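# Chains, contacts and geometry: an overview
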Amino acid sequence: MKFLAVWVLLLSALLPVVAGLAGTVQLDTAAWSELFKTPGLVQSLTLSVWTGSVASVLALALAHVVLAAAVTGGWSGRLRAASLPLLATPHLAVGIGLTLVLAPSGLLLRFLSPWATGFTQPPDWATIQDPLGLALILGLVIKEAPFLLLALFAALGQVPAERLVLQTRTLGYGRLKGWLVAVAPLLQRQIRLPVAAVLVFGMTNVEMALPLGPRTPPPLALVLWQWFTSADLDMRPLAMAGSVLLMLASLGMLGLFMLAGRLVGRVWRFSAGSGRRVTSASGGLMPGGLAVVVGTLGLASIIALLLRSIAGPWRFPAVLPEHLDPAAWSSAASVLPGVAGLTLALGATTALLAVLLVLAAAEPLRSDAVLRQRVAMLLFVPLLIPQMSFLFGLQILLLKLRLDGTLAAVVWSHLVFALPYVWGLLAEARASLDPRFTDTARLLGAGRLRVWLTVTAPLLLRSTLLGLALAFGVSVAVYLPTLFAGGGRVATLATSAAAAMTAGDMRYAAAHGAAQALLPLTAFVAAVVLGRVVFRRRLGVPG
Amino acid sequence: MSGLVLQSVTVSVGARQLVGPLDLSVTPGQVVSILGPSGAGKSSLLAFLCGVLPPPLHAQGTVLLNGDNISNLPPEQRRLGILFQDDLLFPHLSVAGNLAFGLRSASNRRDRGRIISDALAGFGLAGYETRDPATLSGGERSRVALLRVLLSAPRAVLLDEPFSRLDPATRQTIRALTLAQLRARSLPALLVSHDVDDVVAAGGPVVRVGNA
């Protein structure tokens, strides 16, 4: 009874996944043999593995090196503040925006032309959707490095990083090497789940692969997405078999990553014993520069979205359009408010439910770190399975229950993806409240409910607001859950942007992508500002 | 029978007994000191008396307060006040808000405000009502914490090393103030401390727990 709220939380998160998997995983031998006859299948799968794993390794390495330089160089506060907006921006919006930056006729080459490149026409280069998937990898790194950075920041709270680095420096090590030897391994241990989620998402996403990924052939996730959404219903068994294959491949890569992690750890410990001191005065410059490049590309992609959505005629080397023409917005004006309103409503409902479920379940687990960690792992399960692998089965189940296309089904599917993040933030914030606050309050004569309302809730207000913004951001960002649980009939900013992208209407896609990026950003700013304003005269309230 | 009485109280972790069996009687106005090494279960004993002993710790025995068995009451009905080494003022409330949270007597808003202002003035904190606790000095925070406990009209007070974080000069002042207030109100009190000066100042019997 005491753990009722925990069970409700776990069931809300895992029921759709288990039911969906049961619906997707079917032993249809005909479909499997047809799947293996599909031309380009091996190339598609290889591309998925390649882009996903390279992007994950790069994002992880970047996050570690930049964090090391930032903490030892005293700019970690600014780094953290800069990571939040990038985390809040949806993959799809960044992906679409990045095509507008990187494409041969994109912002980047416009800035360099003709003075540096000599181009007066866009060159015939494959800078996006390139066969090697480099643009896709870059897009993933831009989104996942800030995410891993924030996971590292959260882990930092449990490691005496500054004292450890001071210790290594007094032993004669430079600050970067000192950090990488003494602190990074302790942090890495705590961010295994986020890294696993990044790897699986990288290998199996549609949001980034759709705008940036290769086309001949596309990564497997994109192939499956085309089959699932095809009007030809005979493609469905093929798509289901394919999504099981993708799941097996990503589970295999997860295992490989775990093994590689152990190996790196061993080499690491060995090299730490070599006693070689590396000191360089410019230790912070390179990581700082990389952080700026990644951040600038992320910011540029959002600016590109806004610019493209209101651009009139825009001849190639010109950096700015000749004049502005908000035609995309005015032609979108008939649908955009409705679509944005529905996105907002879905996001708000998801956020409210996620925060309530997490707060209720965090209460009985507040002093049990082991159980909290187990819940975190279970909540992460949906992020370790390709979304398609259970979403399609879920769609069939919803269809049978006549619940497909209902808003409740869509909210539930969003909840599955919001809960792991909200739990990570809010359950830990609850646990870190000194229990003597509530003990004192009760001894002063207040009952449980009054203590929760007057002491616990206000002290958690800032974390709760951030949790709301986080869940809202997830709901606005997700594409496949809306597509599948909504039965293709629920139009959010994400599905509209993806549809416009597929139809080749970049202006329309940019307008929806810009709106999709601005909603969660606004929510984050509102959460931070509101949390500051409410307790602006109370300096002791936890951040 | 008035005062705080412990009857064969034990505190254990699993099969390992930390404290007791302890029989103890604290009369009104008396401060009994509990001494013992770190980890001997002194704070756990206080947590048991408060009714907030966290698992895996568990305890047995009876606690009587002014003759009533309070062993099975929820914390908010025990009428025990506690002071920790951290003042634990609620950071989201003003000084007056903190005091009002604990204040038991008077129900109308104006009376409550007057009681709080008078109490603050009596402790040398006149005009501190709207202050943010985070902006107070250590000594001021200790005074507010003591006042918060006293205004909640406890029937006994538990002191868990409440002076140990203060600098030496402040420490003496706050200790004298606290002990004088407890005596003036004839409150029975239990003091957990490492500091011999605290125990001497308390002046009551000394109980040793653990193998010290």
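The rules behind these values
- All chains use their own residue numbering, which begins from 1 and follows the written sequence.
- To label them, take the chains in the order written and letter them from A, then take the ligands in the order written and number them from 1.
- In view of the model being predicted, local features appear only for residues whose pLDDT reaches at least 70, and side-chain atom pairs are presented and counted only at 80 or more, with totals across whole chains, interfaces and linings using the full set of residues.
- Each side-chain value is derived from all of the structure's non-hydrogen atoms; neither hydrogens nor water enter the calculation.
- Strands here are runs of E lasting at least two residues and helices are runs of H or I lasting at least four, both read from the DSSP assignment and numbered beginning at the N terminus.
- For this measure, only C-alpha atoms enter the radius of gyration; the expected value for a globule follows 2.2 Å times N^0.38, where N is the number of residues.
- The contact criterion used throughout is that any non-hydrogen atoms of two residues lie within 4.5 Å.
- Exposure was quantified through the Shrake-Rupley algorithm and a 1.4 Å probe, taking into account, for residues, occlusion by the shown protein chains and nothing else.
- Take the accessible area each of two parts loses on contact, using a 1.4 Å probe, and add the two losses: that sum is the buried area.
- Here, a salt bridge means any side-chain nitrogen of Lys or Arg that lies within 4 Å of a carboxyl oxygen of Asp or Glu.
- Throughout this description, a polar contact denotes any pair of N or O atoms lying within 3.5 Å of each other; where both atoms belong to protein, one of them has to be capable of donating a hydrogen while the other can accept it, and for residues adjacent in sequence the pair is counted only when both atoms sit in side chains.
- The nonpolar class holds Ala, Val, Leu, Ile, Met, Phe, Trp, Tyr, Cys and Pro. Asp, Glu, Lys and Arg form the charged class, and all remaining residues, Gly among them, are polar.
- Pairing between two strands requires that DSSP report at least two bridges joining them.
- Angles here are taken between N-to-C directions and fall from 0 to 180 degrees, while the axes themselves are lines fitted to C-alpha atoms, restricted in helices to the stretch in contact.
- Within this scheme, the nonpolar core is defined by two criteria: the residues are buried Ala, Val, Leu, Ile, Met, Phe, Trp, Tyr or Cys, and they are joined through side-chain atoms within 4.5 Å.
- Using a 1.4 Å probe on the protein chains alone, a residue whose accessible area is under 20% of its type maximum counts as buried, one over 50% counts as exposed, and one in between counts as partly exposed.
- Here the word oblique covers every angle except those under 35 degrees (roughly parallel), over 145 (roughly antiparallel) and from 65 to 115 (roughly perpendicular).
- The sense of a crossing depends on the near helix, which, turned anticlockwise from the far helix by less than a right angle, makes the crossing left-handed and, turned clockwise, makes it right-handed.
- In this analysis, a patch consists of residues with relative accessible area above 30% that form no salt bridge, clustered at 9 Å for like charges and at 5 Å for the nonpolar side chains Val, Leu, Ile, Met, Phe, Trp and Tyr.
- Charge counting follows a simple rule: Lys and Arg are positive, Asp and Glu are negative, and His as well as the terminal groups are ignored.
- Charge positions are represented by NZ for Lys, CZ for Arg, CG for Asp and CD for Glu.
- Values of pLDDT, the confidence the predictor places in each residue, fall between 0 and 100.

Across its full length, chain B carries 6 helices and 9 strands. At 17 Å, chain B has a C-alpha radius of gyration in line with the 17 Å of a compact globule built from 212 residues. With respect to the principal axes defined by its C-alpha atoms, chain B has extents near 50 × 35 × 30 Å. Within chain B, contacts between residues separated by at least 24 positions form 69% of all contacts whose residues are at least 6 apart in sequence. Total accessible area on chain B is roughly 9,000 Å²; 50% of this is exposed by carbon and sulfur atoms.

Below, the discussion takes up the interface of chain B and chain A. It is common to give the size of an interface as the accessible area that goes away when the parts come together. Counting from both sides, the interface comprises 28 residues of chain B and, opposite them, 25 residues of chain A. Carbon and sulfur atoms supply 65% of the area buried between chain B and chain A, which totals about 2,300 Å² over both sides. Where chain B touches chain A, the interface holds 2 salt bridges. Put simply, D86 of chain B and R436 of chain A hold a salt bridge, and the shortest N to O gap is 2.6 Å. Linking chain B with chain A are 4 residue pairs in polar contact (both at pLDDT 80 or more). For the side of chain B that touches chain A, the secondary-structure elements that each account for two or more residues are strand 6 (80-83), helix 2 (95-102) and helix 4 (138-151) of chain B. Tallied by class, residues from the side of chain B that touches chain A come to 15 nonpolar, 7 polar and 6 charged.

All names here are of chain B. Taken in spatial order, the 5 strands make up an open sheet running 6-7-8-3-9, and their pairing is parallel. Strand pairing shows two members of the sheet lacking a second neighbour, strand 6 and strand 9 (206-208), which therefore form its edges. Strand-to-strand twist in this sheet, taken as the mean axis angle between neighbours without regard to direction, amounts to 20°. Relative to strand 7 (residues 156-160), strand 6 runs parallel, the two being bridged by 4 bridges. Looking at strand 7, one finds that I82 is bridged to L158. This element, helix 5 (residues 168-184), spans strand 3 (31-35), strand 7 and strand 8 (189-192) of the sheet and lies at about 160° to strand 7.

Residue and element names in this part refer to chain B. The strand order across the open sheet formed by 4 strands is 2-1-4-5, and the pairing between neighbours is antiparallel. The open sheet has two free edges, formed respectively by strand 2 (16-26) and strand 5 (68-69), since each of these has just one partner strand. Here strand 4 (residues 57-65) pairs with strand 5 via 2 bridges, running antiparallel. Bridge pairing links L65 to D68 in strand 5.

On to the side chain of R436 of chain A, then. Structurally, R436 of chain A can be placed in helix 21 (residues 435-443). Here the side chain of R436 of chain A touches D86 of chain B through a polar contact of 2.6 Å, side chain to side chain. When near neighbours in sequence (up to four residues on either side) are disregarded, R436 of chain A contacts F84, Q85, D86 and L88 of chain B.

Right, let's talk about the nonpolar core for a bit. In this structure, W179 and W423 of chain A together with L190 of chain B are the most contacted members of the largest nonpolar core, which totals 217 residues. Here W423 of chain A is in contact with L9, V358, A361, A362, L365, R372, V375, A376, L379 and E428 of chain A, once residues within four sequence places are set aside. Of all hydrophobic cores here, the second largest spans 32 residues; its members include L83, L103, F123 and L166 of chain B.

All names here are of chain A. Relative orientation of the contacting elements helix 18 (residues 369-380) and helix 20 (residues 407-431) amounts to 165°, with a least axis distance of 9 Å. Between helix 18 and helix 20, the angle falls in the class roughly antiparallel. As for how helix 18 packs across helix 20, the hand of that crossing is right-handed. For the pair helix 18 and helix 20, contact is made by R372, V375, A376, L379 and F380 and by L419, P420, W423, A427, E428 and A431, respectively. When the residues that make up the contact of helix 18 with helix 20 are grouped by side-chain class, the tally is 9 nonpolar, no polar and 2 charged.

Before going further, it helps to examine a positive patch on the surface. Residues and elements named next belong to chain A. A cluster of basic residues, R189, R192, R262, R266 and R269, forms a positive patch at the surface. Ranked by residue count, the leading element in the positive patch is helix 14 (residues 235-272), at 3 residues. The residue R262 is located in helix 14 in this model. R262 sits in the exposed class, given a relative accessible area of 64%.

On average, residues of chain B carry a pLDDT of 90, and 99% of them reach 70 or more. Scored by ipTM, the complex comes to 0.88, with pTM at 0.90.

Let us now look at the packing of helix 3 (residues 41-73) of chain A against helix 11 (residues 192-204) of chain A. Residues and elements named next belong to chain A. Close contact between helix 3 and helix 11 brings their axes to 7 Å; oriented N to C, the two are set at 145°. The interaxial crossing formed by helix 3 with helix 11 has right-handed handedness. Together, S48, V49, T51, G52, S53, S56 and L60 of helix 3 and V195, V198, L199, G202 and M203 of helix 11 make up the contact between the two elements. A breakdown of the residues in the contact of helix 3 with helix 11 according to their chemical character gives 6 nonpolar, 6 polar and no charged.

All names here are of chain B. Take K42: it is sitting in helix 1 (residues 42-50). Of the side chains with opposite charge, E161 lies nearest to the buried K42, which makes no salt bridge, at 5.2 Å. Looking at K42, its side chain comes within polar contact range of the main-chain oxygen of G36, at 2.9 Å.

The next thing to look at is the pattern of salt bridges. Residues and elements named next belong to chain B. Scanning the entire structure with this criterion turns up 14 salt bridges over all chains. For the salt bridge of R171 with D198, the shortest nitrogen-to-oxygen distance reads 3.1 Å. Taken together, the residues span a long stretch of sequence, with R171 in helix 5 and D198 in helix 6 (residues 196-202) at a distance of 27 residues. Pair check on accessibility: R171 and D198 agree, each one buried.

On to the environment of L147 of chain B. Residues and elements named next belong to chain B. Relative to the assigned elements, L147 resides in helix 4. Here L147 falls in the buried class, since its relative accessible area comes to 3%. Setting aside its immediate chain neighbours within four residues, L147 contacts L99, A119, L120 and F123.

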